[in-house]
Amino acid sequence: MIDQATGMKSGERYRVNNVERAHQFPGFFQDGKYYLGPELLTAVGWLEGTRFIYDSLDAQGEPVFPNREAGTVEGLTLTLVDGAALELSPVDADEIIAPLDHRSSGAEREASRSGDPIEGPLRGKVVVITGASSGIGRAAAHAFACKGARLVLAARDEEALFDVLDECTDCGTDAIAITTDVTRNDQVQALGEQAAEFGHGRIDIWINNAGVGAVGNFEETPLEAHEQVVQTDLIGYLRGAYVALPFFKAQGTGTLINTLSLGSWVAQPYAAAYSASKFGLRGLTEALRGELTEFPNIHVCDIYPAVMDTPGFRDGGNYTGHALTPPGPIYDPERVAKAMVTCAISPRAHTMVGATARLAQLASYLLPGLPLVAGWLTRWGINRSPIAETSSGNLFEPPSGRRSIEGGWRRPKDKMPLLIGAAALGIIAGLTFVRSRRRSN
């Protein structure tokens, strides 16, 4: 029996037939409900008459469509709320539909071991990742490899980069490694050209992730160190966008993902160049979004991680005269990688990773004097740390030693992130209440 309004036949499955938008709706409709995969028995969407209610959540537990209404279905055409009309077509009984999962599923791992192709919305997509040799970039490389993406891995450290390449190809995907310093225009341009050649003219996703840092009193930190941080963390991202966007526009689609920081909301005393870069990235991404309004299928996504357990604090420039340890709470960098995969599948403008990243954004609006408090706490923490030699770290060349995803800063079963987050939320809520009472009086 065919539903006269939607055009769907009872018992049959229907999927989006538009390749450019299929990543947003990789599942299927059946009998008035929408499923992400045959193994997932719970519907994440449904039809109310012809209205398509899509209750899918992203990695942070937020609805993909805030009002939960994705569009309408009439005559086997899904008309989205943005006006795009997508044709629906029946799914053959023997066709495989892979479930959409924000983690690497057991089926994906088994497929990679057996050599079978990994199914899913990212299969075959060309993904460029800068800063892929360690930390968040290395975690992202693993996450996208397990989704079947074709990877272009970029970093300065050639030896570490080829280690990551081996790890990703062992997962069953196709990948290349290109030694790249994002402070060099010619090298970033060459990265784009080689990525496009690898992708037969296409680049689907470009992840700006390479980053460095320098901690120290502003005038005691060498000017060239400040400049190198800005060159890498801000202008390096601009270079990546400058190379990627022409490819996106030529093909009519693409996703630019930028790794920012909770430091994009709250200034980091004793890391002035880092703060300038991260605040500047907010302006860069917002400006690009404004320019791309005529390209609805080109997306610019910001990822705002809290403090992550990466080698960054160990490897970065240190001009304080004291040993550095990251302030808690400290989170697993795999969470950022999962958020990147989510943005690649269902793009969204802003994604916070870790409760303290959300708190930092909220505090930036409610507590304008927060950098003063942060400065006092940072100074207190540095002065209590053991004496250490100053070092430029990885500012001007890759660090020595083994590269890895994690920095080893977290303690097993550490509940401090939850406790500190709850305490900070209570303080912010209390100060907000006091401010509102003062205003009312």
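Bear in mind the structure is a predicted one, so any value in this text is a computation, not a measurement.

A. Representation of the nonpolar core in the model. With 78 residues, the main nonpolar core has I129, F144, L151, L153, W206, I257 and M340 as its most contacted residues. Counting residues per element, this core draws most heavily on helix 8 (residues 334–345), at eight residues. Sequence-distant contacts of W206, that is, excluding residues within four places in its chain, are made with V128, T130, V188, L191, G192, G240, V243, A244, F248, T255, L256 and I257. Of all hydrophobic cores here, the second largest spans 18 residues; its members include V73, A84, L86 and L88.

B. View of the pattern of salt bridges. In the structure shown here, the tally under the stated rule is 10 salt bridges. In this structure, R138 and E167 form a salt bridge, with 2.7 Å as the shortest nitrogen-oxygen distance. Residue R138 is located in helix 2 (residues 135–145), and its partner E167 is located in helix 3 (residues 158–170); the two are separated by 29 residues in the primary sequence. One salt bridge connects R202 with D204, and the closest N-O pair in it is separated by 2.8 Å.

C. Molecular detail of the side chain of T310. You can see T310 is positioned in the loop between strand 15 (298–305) and helix 7 (312–315). Taking relative accessible area as the criterion, T310 reaches 15% and is therefore assigned buried. Discounting chain neighbours no more than four positions away, the residues touching T310 are G135, I136, P333, I405, E406, G407 and W409.

D. Just the pairing of strand 7 (residues 77–80), in detail. By the alternation rule, side chains of strand 7 split into L78 and L80, which are all buried, and T77 and T79, of which none is buried. Adjacent in sequence and paired antiparallel, strand 6 (residues 69–74) and strand 7 are bridged by two residues, among which G75 carries a positive phi angle near 55 degrees. Both strand 7 and strand 8 (residues 85–90) contribute to a ladder of three bridges, which runs antiparallel. Within strand 8, the position partnered with L78 by the bridge is L86. Between strand 7 and strand 8, which pair antiparallel one after the other, the connecting turn spans four residues, and G83 there sits at a positive phi close to 95 degrees.

E. Fine view of the packing of helix 2 against helix 3. Their axes nearest at 9 Å, the elements helix 2 and helix 3 cross at an angle of 25 degrees. Taken together, the axes of helix 2 and helix 3 lie roughly parallel to each other. The handedness of the crossing between helix 2 and helix 3 comes out as right-handed. Taken together, the residues of helix 3 that come into contact with helix 2 (itself represented by R138, A141, H142 and A145) are A160, D163, V164, E167 and C168. Of the residues that constitute the contact of helix 2 with helix 3, the class distribution is five nonpolar, one polar and three charged.

F. How the structure looks around unusual backbone geometry. The residue L76 is not glycine, and still its phi comes out positive at about 55 degrees. At H200, a residue that is not glycine, the phi angle is positive and equals roughly 55 degrees. Position of H200 among the secondary structure elements: in the loop between helix 4 (185–198) and strand 12 (205–208).

G. Main features of the sheet that holds strand 6. Here eight strands make up a closed barrel; going around it, the order is 1-2-3-4-5-6-7-8 and the pairing antiparallel. Strand-to-strand twist of the sheet, defined as the mean angle between neighbouring strand axes without regard to direction, takes the value 30 degrees.

H. Representation of helix 2 in the model. Of all 11 residues making up helix 2, 10 are buried, and the element is well covered by its neighbours. Taken together, the buried positions of helix 2 are G135, I136, G137, R138, A139, A140, A141, A143, F144 and A145.

I. Region of the structure containing the confidence of the model for the protein chain. Looking at the protein chain as a whole, its pLDDT mean stands at 83, while 81% of the residues score no less than 70. With pLDDT under 50 throughout, residues 94–115 is counted as low confidence; its partners more than four residues away or in other chains account for 42 contacts. When the criterion is pLDDT under 50, residues 413–434 qualifies, and its contacts beyond four places in sequence or with other chains add up to 17 contacts.

J. A look at the sheet that holds strand 14 (residues 254–259). One open sheet holds the seven strands; their spatial order is 11-10-9-12-14-15-17, and the pairing between them is parallel. Across the chains shown, the open sheet's two edge strands, defined by having one partner strand only, are strand 11 (175–179) and strand 17 (350–353). The average undirected angle you get between the axes of adjacent strands in this sheet is 15 degrees. Pairing of strand 14 with strand 15 involves six bridges; the strand directions are parallel. Paired with T259 across the strands is I303, a residue of strand 15. Where helix 4 meets the sheet, it contacts strand 9 (126–130), strand 10 (150–155), strand 11 and strand 12, and its direction lies at approximately 165 degrees from that of strand 11. Contacts from helix 8 reach strand 12, strand 14, strand 15 and strand 17, with the element oriented near 165 degrees to strand 15.

Scoring rules and cut-offs
- Residues numbered from 1 in each chain as written.
- Predicted model: local features only at pLDDT ≥ 70, side-chain atom pairs only at ≥ 80, totals over all residues.
- Heavy atoms only, no water.
- Core = buried A, V, L, I, M, F, W, Y, C linked by side-chain atoms within 4.5 Å.
- Buried < 20%, exposed > 50% of the residue type's maximum accessible area, 1.4 Å probe, protein only.
- Helix = DSSP H or I, 4+ residues; strand = E, 2+ residues; numbered from the N terminus.
- Contact = heavy atoms within 4.5 Å.
- Salt bridge = Lys/Arg side-chain N within 4 Å of Asp/Glu carboxyl O.
- Pairing = 2+ DSSP bridges.
- Axes fitted to C-alpha atoms, helices over the stretch in contact; angles between N-to-C directions.
- Parallel < 35°, antiparallel > 145°, perpendicular 65-115°, else oblique.
- Left-handed = near helix turned anticlockwise from the far one by under 90°.
- Nonpolar A, V, L, I, M, F, W, Y, C, P; charged D, E, K, R; others polar.
- pLDDT = per-residue confidence, 0-100.

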